[in-house]
Amino acid sequence: MLMPDPVVLRGLVDEYEAAALCEPADDTGGPGPRTRDLAYTLCVSTGTRDVAPALEAARRWLAAGPGPVPVPGAEPAGVAD
């Protein structure tokens, strides 16, 4: 799995958290467009389908520092026989 740049990932998390707190809701009471866009980008960046697991994965990767972080349930890349 490709890993997002930590600087970019940190920016996405920070922007998402700010937008989720400050952006007005849309007409249906749901998240505003910027919050939805950032949630989508976080999901794509972390290989998840929902923003809660995306934020969890992003925070885990950022806390681990440089280098690959194993993803639970993912098989490590191997060499074909």
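Residues numbered from 1 in each chain as written. Predicted model: local features only at pLDDT ≥ 70, side-chain atom pairs only at ≥ 80, totals over all residues. Heavy atoms only, no water.

A.B. asks: Explain the nonpolar core to me, please; I cannot follow it from the model alone.
C.D. replies: Taken as a class, soluble globular proteins show a tendency for nonpolar side chains to be buried jointly. If you look at the biggest cluster of nonpolar residues, it comprises 14 residues, and the most contacted ones within it are Leu-9, Val-13, Tyr-16, Leu-38, Leu-42, Val-51 and Leu-55. Listing elements by their share of this core, those giving two or more residues are helix 1 (6–22), helix 2 (33–46) and helix 3 (51–64). (Core = buried A, V, L, I, M, F, W, Y, C linked by side-chain atoms within 4.5 Å. Buried < 20%, exposed > 50% of the residue type's maximum accessible area, 1.4 Å probe, protein only. Helix = DSSP H or I, 4+ residues; strand = E, 2+ residues; numbered from the N terminus.)

A.B. asks: Could you clarify how one ought to interpret helix 3 in this entry?
C.D. replies: Since there are 3.6 residues in each turn of an α-helix, residues three or four apart along the chain are aligned in direction. Here helix 3 spans 20 Å end to end across 14 residues, near enough to the 20 Å set by a 1.5 Å rise per residue. Within the span of helix 3, buried status applies to Val-51, Ala-54, Leu-55, Ala-57, Ala-58 and Trp-61. Seen from one end, helix 3 has its buried residues packed into an arc of 165 degrees, which puts them on one side. What points out from helix 3, more than 90 degrees from its buried face, is the exposed set Glu-56 and Ala-63. The inward-facing, buried residues of helix 3 contact helix 1 and helix 2. With its phi angle positive at about 80 degrees, Gly-65 sits one or two positions after the end of helix 3. (Expected span 1.5 Å × (residues − 1). Arc of directions from axis to C-beta. Contact = heavy atoms within 4.5 Å.)

A.B. asks: Honestly, the pattern of salt bridges in this entry has me stumped. Any pointers?
C.D. replies: Opposite charge on two side chains permits pairing when their charged atoms draw close. Scanning all chains against the criterion turns up five salt bridges. Glu-15 is paired through a salt bridge with Arg-34; the nearest N and O atoms lie 2.4 Å apart. Taken together, the residues span a long stretch of sequence, with Glu-15 in helix 1 and Arg-34 in helix 2 at a distance of 19 residues. With relative accessibility at 38%, the residue Glu-15 sits in the partly exposed group. For Arg-60, the salt bridge is made with Glu-56, and the minimal N-O distance between the two is 3.8 Å. Taken together, the positions of Arg-60 and Glu-56, both in helix 3 and four residues apart, correspond to about one turn of that helix. (Salt bridge = Lys/Arg side-chain N within 4 Å of Asp/Glu carboxyl O.)

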